[in-house]
Amino acid sequence: NDLASMMDVSVNDVISTCLGLGMFVSINQRLDAEAITVIADEFGYEIQFISTEDETGVEESNDAEEDLQDRAPIVTIMGHVDHGKTSLLDYIRKTKVTASEAGGITQHIGAYDVITKKGNKIAFLDTPGHEAFTAMRARGAKLTDIAIIVVAADDDVMPQTKEAINHAQVAGVPIVIAINKIDKPTANPDKVRESLSKNNILVEEWGGKYQCQEVSAKSGQGIEDLLEKVLLEAEILNLKANPDKPAVGSVVEASLDKGRGYVATIMVQAGTLKVGDIMVAGANYGRVKAMFDDTGKKVKEAGPSTPVVVLGLEGAPQAGEKFQIMETDREARELAGKRSQLQREQSIRTRKHITLDEIGRRLAIGSFKQLNVIVKGDVDGSVEALSDSLLKLSTAEVQVAIIHRGVGQISESDVLLASASDAIIIGFQVRPSGSAKRLAENEEIEIRMYSIIYDAINEVKAAMEGMLAPQE
Ligand code: GDP
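What you are looking at is a predicted structure, and each value in this text was computed from that prediction instead of being measured. (Residues numbered from 1 in each chain as written. Predicted model: local features only at pLDDT ≥ 70, side-chain atom pairs only at ≥ 80, totals over all residues. Heavy atoms only, no water.)

> For this particular structure, what's the right way to read the site of the ligand?
Lining the immediate surroundings of the ligand are 15 residues, of which Asp82, Thr86, Ser87, Asp183 and Ala217 lie closest. A distance of 2.9 Å is found between an oxygen atom of the ligand and a side-chain nitrogen or oxygen belonging to Lys181. Coverage of the ligand by the protein amounts to 72% of the 580 Å² it exposes when considered alone. Looking at which element gives the most residues to the shell around the ligand, the answer is helix H4 (residues 85-100), with three residues. Classifying every residue of the shell around the ligand gives two nonpolar, seven polar and six charged. (Near = heavy atom within 4 Å. Polar contact = N/O pair within 3.5 Å; in protein donor to acceptor, adjacent residues only side chain to side chain. Areas by Shrake-Rupley, 256 points an atom, 1.4 Å probe, with all protein chains shown as cover. Helix = DSSP H or I, 4+ residues; strand = E, 2+ residues; numbered from the N terminus. Nonpolar A, V, L, I, M, F, W, Y, C, P; charged D, E, K, R; others polar.)

> Which parts of the structure should I look at to understand the sheet that holds strand E21 (residues 447-450)?
The pairing of strands in a sheet happens through backbone hydrogen bonds and is either parallel or antiparallel. Judged by pairing direction, the sheet is parallel, and its four strands sit side by side in the order E19-E18-E20-E21 without closing on themselves. With partners counted over all chains shown, the strands left at the sheet margins are strand E19 (399-407) and E21, one partner each. On average, each strand axis in the sheet is inclined to that of its neighbour by 25°, with strand direction left out of account. Inspection of the sheet shows strand E18 (residues 370-377) paired to E19 by eight bridges, in the parallel sense. Bridge assignment links Val375 to a residue of E19, and that residue is Arg405. Across the sheet, helix H11 (residues 380-391) touches E18, E19 and strand E20 (423-428), and the angle it forms with E19 is around 175°. (Pairing = 2+ DSSP bridges. Axes fitted to C-alpha atoms, helices over the stretch in contact; angles between N-to-C directions. Contact = heavy atoms within 4.5 Å.)

> Hey, could you run me through the packing of helix H12 (residues 412-421) against helix H13 (residues 434-443) in this one?
The relative placement of two packed helices comes down to the angle between their axes together with the axis-to-axis distance. Their axes nearest at 8 Å, the elements H12 and H13 cross at an angle of 20°. With respect to each other, H12 and H13 are oriented roughly parallel. By crossing handedness, the relation of H12 to H13 is classed as right-handed. On H13, the residues touching Glu412, Val415, Leu416 and Ser419 of H12 are Ser435, Ala436, Leu439, Ala440 and Glu443. Of the residues contributing to the contact of H12 with H13, the split by class is five nonpolar, two polar and two charged. (Parallel < 35°, antiparallel > 145°, perpendicular 65-115°, else oblique. Left-handed = near helix turned anticlockwise from the far one by under 90°.)

> What's the story with the side chain of Gln269 in this structure? I'm lost.
Along the chain, Gln269 falls in strand E10 (residues 261-270). Among the residues examined, Gln269 registers a relative accessible area of 9% and is labelled buried. Among the polar contacts made by the side chain of Gln269, one reaches the main-chain carbonyl oxygen of Lys142 at a distance of 3.2 Å. (Buried < 20%, exposed > 50% of the residue type's maximum accessible area, 1.4 Å probe, protein only.)

> Mind showing me how you'd approach the pairing of E20 here?
Two faces, one strand: in a regular strand the side chains alternate between the faces of the sheet. Among the six residues that make up E20, six are buried, leaving the element largely enclosed by the rest of the structure. The alternating pattern of E20 places Ala423, Ile425 and Gly427 on one face and Ile424, Ile426 and Phe428 on the opposite face, and all of these are buried. In this structure, E18 lies alongside E20, joined through six bridges in parallel fashion. Counted as the bridge partner of Asn372 is Ala423 from E20. Alignment of E20 against E21, held across four bridges, turns out to be parallel. Bridge assignment links Gly427 to a residue of E21, and that residue is Met449. For the crossover from E20 across H13 to E21, the handedness is right-handed. (Right-handed = clockwise from strand over helix to strand, strands pointing away.)

> How should I be thinking about the pairing of strand E2 (residues 74-79) in this particular structure?
Counted residue by residue, E2 has six buried out of six residues, so it is predominantly covered. Of the two faces of E2, the one carrying Ile74, Thr76 and Met78 and the one carrying Val75, Ile77 and Gly79 are both buried. Sheet analysis places E2 next to strand E4 (residues 121-125), joined by three bridges and oriented parallel. Its bridge partner lying in E4, Ile74 is registered against Ala123. With five bridges joining them, E2 and strand E5 (residues 146-152) adopt parallel strand pairing. Bridging from a neighbouring strand, Gly79 pairs with Val150 of E5.

> Would you mind showing me how to read the pattern of salt bridges here?
For side chains of opposite charge, pairing can occur when their charged atoms come near one another. Scanning all chains against the criterion turns up 18 salt bridges. Residue Glu228 pairs with Lys118 through a salt bridge whose shortest N-O separation is 3.8 Å. One end of the pair, Glu228, is in helix H8 (residues 223-237); the other, Lys118, is in the loop between strand E3 (111-115) and E4, and 110 residues separate them in sequence. According to the relative accessible area criterion, Glu228 is partly exposed, its value standing at 24%. Of the residues examined, Lys118 reaches a relative accessible area of 65% and is grouped as exposed. Across the salt bridge formed by Arg330 and Glu334, the nearest N and O atoms sit 3.3 Å from each other. With Arg330 and Glu334 both in helix H9 (residues 329-348), this residue pair falls four residues apart, about one helical turn. Overall, the relative accessible area of 55% leaves Arg330 in the exposed class. You can call Glu334 partly exposed: its relative accessible area is 47%. Counted as one network, the salt bridges with shared partners bring together Asp190, Arg193, Glu205 and Glu214. (Salt bridge = Lys/Arg side-chain N within 4 Å of Asp/Glu carboxyl O.)

> I would appreciate a short explanation of the packing of aromatic side chains in the present structure.
Each aromatic ring pair is described using two quantities: the centre-to-centre distance and the angle formed by the ring planes. Using the criterion set out here, one finds zero aromatic pairs in the structure. The side chain of Arg93 reaches across the aromatic face of Tyr112, ending 3.6 Å from its centre. Positioned above the aromatic ring of Phe292 is the side chain of Arg260, whose terminal nitrogen or guanidinium carbon lies 5.8 Å from the ring centre. (Phe/Tyr/Trp six-rings, centres within 6.5 Å; stacked < 30°, edge-to-face > 60°. Lys NZ or Arg CZ within 6 Å of the ring centre and 35° of its normal.)

Listed below in structure tokens is the structure:
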């Protein structure tokens, strides 16, 4: 209806055009961007999207070259449980806290600022585990510049290490390896390097491209060197932001505090956030009443790559949602209102994620070119065999990409990865865990389970054939 009135044509014409394109729609149906573009084109219109999400300009800003300044990298530490993620971050923070003022480690706020001995700044996101990392990404946040993957030297590359590597790679985030617990008598860093190489992570000492540092989160050995390596990686990325504009960034975490109202930890990614600014974060808004840095000190301003705790929002936005600054309360309220309405509608109506059945429709209306698949199976051999056969289904028009494969139950982490990457999950002789199943239902991720490889391949093949772009 909206689209028809914008184009000044009858609703029936729009609906019949949709039908002609294989879309069965009602008058109140909300269409996705691809569909709108194609339909408008049929009526001779070109669509320009002014998205409520992308106006934040975090990723692609129109800043002039001379307005850009270097900014600190934002780093996430990931790895297998008990390999020392928390200890490593605690050690890094402790040096900072004692170096500035007394007070010890302050409360957990989810993101911290660190100054290295040479005076360089690094911002750390304390998102426990790669699930949080990917959940954030699923909401659109491109918050992490570099991932430190921790592997314990007295252990080995473990399933969650592999997952963390995978999640970082799918996100296109460079990896620095930290081989931790090097102080332990049982430490065997070479074994870790060897295992990493078997997982396609060849470290620099072995002629590969991945920087790697042996560290001890207990004694602090190697940690300064690790930070230097992170900074080197950052230099290659040439990270820049314009500090002289209204702030944009992402929400790290948010909660309701009894005394202070809604409290949100946010990461400023560009511009400068000031007390008094009117903020929209996801579907929430409010005036910034007060701001605190990661040591709990009151601040008036926060520039790029700075985490701050913000008071004044009238609700708790979700981790990974973007924030921006508006000129007036009214604009802020309207944008937040529009977003919450969109969120409500989306959760009821549109199927956001790919399914085998959805493939044909997407191809008919858009330029769907890649089917992302996550393969989980009971044993290595079948996972390999199934993945290889699926890859072979790729054609010139449509590629199959196995973005993650592994042995074992389908986990929540698999579902989050699928959600962030718009993938389907194929399980061979395995099922999802209870929580993964619930999450998949919520996130509308398709999980297909098979006990015969042939069936799996045939079904995907059939869907792919439906999705082959019409040949000219
Ligand atoms: P996380 O689950 O990855 O966050 O791991 P933790 O930081 O909680 O560490 C797990 C355990 O390993 C804890 O008992 C730590 O004290 C211990 N640990 C972490 N780093 C080191 C280290 O460098 N050396 C030694 N000896 N123990 C460590």
